[in-house]
Structures are given as C-alpha cells and as structure tokens.
Amino acid sequence: IFNLNICASGLPKNFIITSAILKPKIEKKSVIQQKMKEMLSKREETQPTKKATCGSTFKNPDGKSSLISETSIELKAWNLIDRAGLRGKKLGRAMVSKKHPNFLINLGGATAEDMEALGEYVRKSVYEKFKVSLDWEVIRVGRK
C-alpha cells in the first residue's frame, strides 16, 4: 500500500513525470492487512462493489465550468452527474448507480448498447446543464 501525492510534492501543476523510484514503507503484515481492510470497507460504503458495473465510467474533467458559480466546487464526474439529477436514472436494463453516480449498473440483461446509450445520455445531460464534456474512462471496444 502506498500513497503517491504528486500535488504535495512541490512540482508545478502541469509537470510531467517520466520516471520515478519508489521506496515502499516497510510495515508489519498485520498493519498492512488492517489498512487493506479499511480501504475495502470504505470502497464498499461509497461504491456499488456488489453490482455488475464496468467500474468508474467517466474521467474527472479538467478546469472549471462557467455555469457553476461556486468556486469551491471541483469538477468531479460523479458530482456533475448527481447535480444533473441523474442518480438512479434508468435506460433499458442499465442504471446510473444511486450509491455513486459515476458507475453505470447492469441491472441484469443490459446489452453493451444499453450501457453505452445510458453513458451517452449522461454525457449529453451534463453538457447541456453545465457545458462540461465528460470523457469516457471506460475503454469501449467492438463495433457499432
């Protein structure tokens, strides 16, 4: 388990790291197991880990939206999807997770077309409301 915090490194924001030497912190096995248990527990609290999903669906967008007046609002994909009122939105057998809106859930029997159509609906809705384009984090393969 390691925590790589580039932001606290003092490097410029747009700095690109091309290589790194990582020195892991040596911990007792029991400490590592406890940390892993805590991390898994937190993930289960905040993400639909027991549902059929393809993981986090959209990347967090860069920059700010001119349509979101609160300067403290970070552009997080889940937050934009939630603020667009899409938590729980269903299209066919696909649904935006109620637990974490950046996860699309297959309710059973959803096709790849259903999942992609819901994702495109989410992208369009977020863009119309906030003028922010969400990029797919999921790598889609296949044919149309």
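Note that the structure is a prediction, hence the values are computed from the model and not measured. (Residues numbered from 1 in each chain as written. Predicted model: local features only at pLDDT ≥ 70, side-chain atom pairs only at ≥ 80, totals over all residues. Heavy atoms only, no water.)

1. A closer look at the pattern of salt bridges
Move 1: Scanning the model with the defined rule gives six salt bridges in all.
Move 2: Put simply, Lys 25 and Glu 27 hold a salt bridge, and the shortest N to O gap is 3.5 Å.
Move 3: Relative accessible area serves as the criterion here: at 27%, Glu 27 is assigned to the partly exposed category.
Move 4: Linking Glu 120 and Arg 123 is a salt bridge whose minimum nitrogen-to-oxygen distance equals 3.0 Å. Pair noted here: Glu 120 and Arg 123 are both in helix 3 (residues 112-130), with a separation of three residues, about one helical turn.
Move 5: Overall, Glu 120 belongs to the partly exposed group, its relative accessible area being 31%.
Move 6: Within this structure, Lys 25, Glu 27 and Lys 35 form a network of salt bridges that share partners. (Salt bridge = Lys/Arg side-chain N within 4 Å of Asp/Glu carboxyl O. Buried < 20%, exposed > 50% of the residue type's maximum accessible area, 1.4 Å probe, protein only. Helix = DSSP H or I, 4+ residues; strand = E, 2+ residues; numbered from the N terminus.)

2. What about the nonpolar core?
Move 1: Core analysis: the biggest nonpolar cluster contains 20 residues, and Phe 58, Leu 80, Ile 81, Val 122, Val 126 and Leu 134 have the highest contact counts within it.
Move 2: Listing elements by their share of this core, those giving two or more residues are helix 2 (77-83), strand 3 (94-96) and helix 3.
Move 3: In terms of residue count, the dominant contributor to this core is helix 3 (five residues).
Move 4: Excluding its chain neighbours within four sequence positions, the residues that come into contact with Ile 81 are Phe 58, Leu 86, Arg 87, Val 96, Pro 101, Asn 102, Val 122, Val 126 and Leu 134. (Core = buried A, V, L, I, M, F, W, Y, C linked by side-chain atoms within 4.5 Å. Contact = heavy atoms within 4.5 Å.)

3. Brief notes about the side chain of Asn 102
Move 1: Secondary-structure assignment places Asn 102 in the loop between strand 3 and strand 4 (103-106).
Move 2: By relative accessible area, Asn 102 is classed as buried at 4%.
Move 3: At a separation of 3.0 Å, a polar atom in the side chain of Asn 102 contacts the side chain of Ser 56.
Move 4: Excluding anything up to four places from it in sequence, Asn 102 contacts Gly 55, Ser 56, Thr 57, Phe 58, Ala 77, Trp 78 and Ile 81. (Polar contact = N/O pair within 3.5 Å; in protein donor to acceptor, adjacent residues only side chain to side chain.)

4. Things to note about the sheet that holds strand 3
Move 1: Strand order across the open sheet formed by four strands is 1-4-3-2, with antiparallel pairing between neighbours. Looking at strand neighbours, the two that pair on one side only are strand 1 (53-56) and strand 2 (90-91), the edges of this open sheet.
Move 2: Pairing of strand 2 with strand 3, which is carried by two bridges, proceeds in the antiparallel orientation. Bridge assignment links Lys 90 to a residue of strand 3, and that residue is Met 95.
Move 3: Of the strands in this sheet, strand 2, strand 3 and strand 4 touch helix 3, which is tilted by about 30° from strand 3. (Pairing = 2+ DSSP bridges. Axes fitted to C-alpha atoms, helices over the stretch in contact; angles between N-to-C directions.)

5. Comments concerning helix 3
Move 1: With 19 residues, helix 3 should cover 27 Å at 1.5 Å per step; its first-to-last C-alpha distance of 27 Å lies within 8% of that length.
Move 2: As for helix 3, its buried residues are in contact with helix 2, strand 2, strand 3 and strand 4.
Move 3: Following helix 3 by one or two positions, Lys 131 has its phi on the positive side, about 60°. (Expected span 1.5 Å × (residues − 1).)

6. Points about a nonpolar patch on the surface
Move 1: A cluster of nonpolar residues, Leu 11, Phe 15 and Ile 17, forms a patch on the protein surface that exposes about 260 Å² of accessible area.
Move 2: As for its placement among the helices and strands, Ile 17 is situated in the segment before helix 1 (29-46).
Move 3: For Ile 17, a relative accessible area of 39% gives the class partly exposed. (Patch = residues over 30% accessible without salt bridge, like charges linked within 9 Å, V, L, I, M, F, W, Y side chains within 5 Å. Areas by Shrake-Rupley, 256 points an atom, 1.4 Å probe, with all protein chains shown as cover.)

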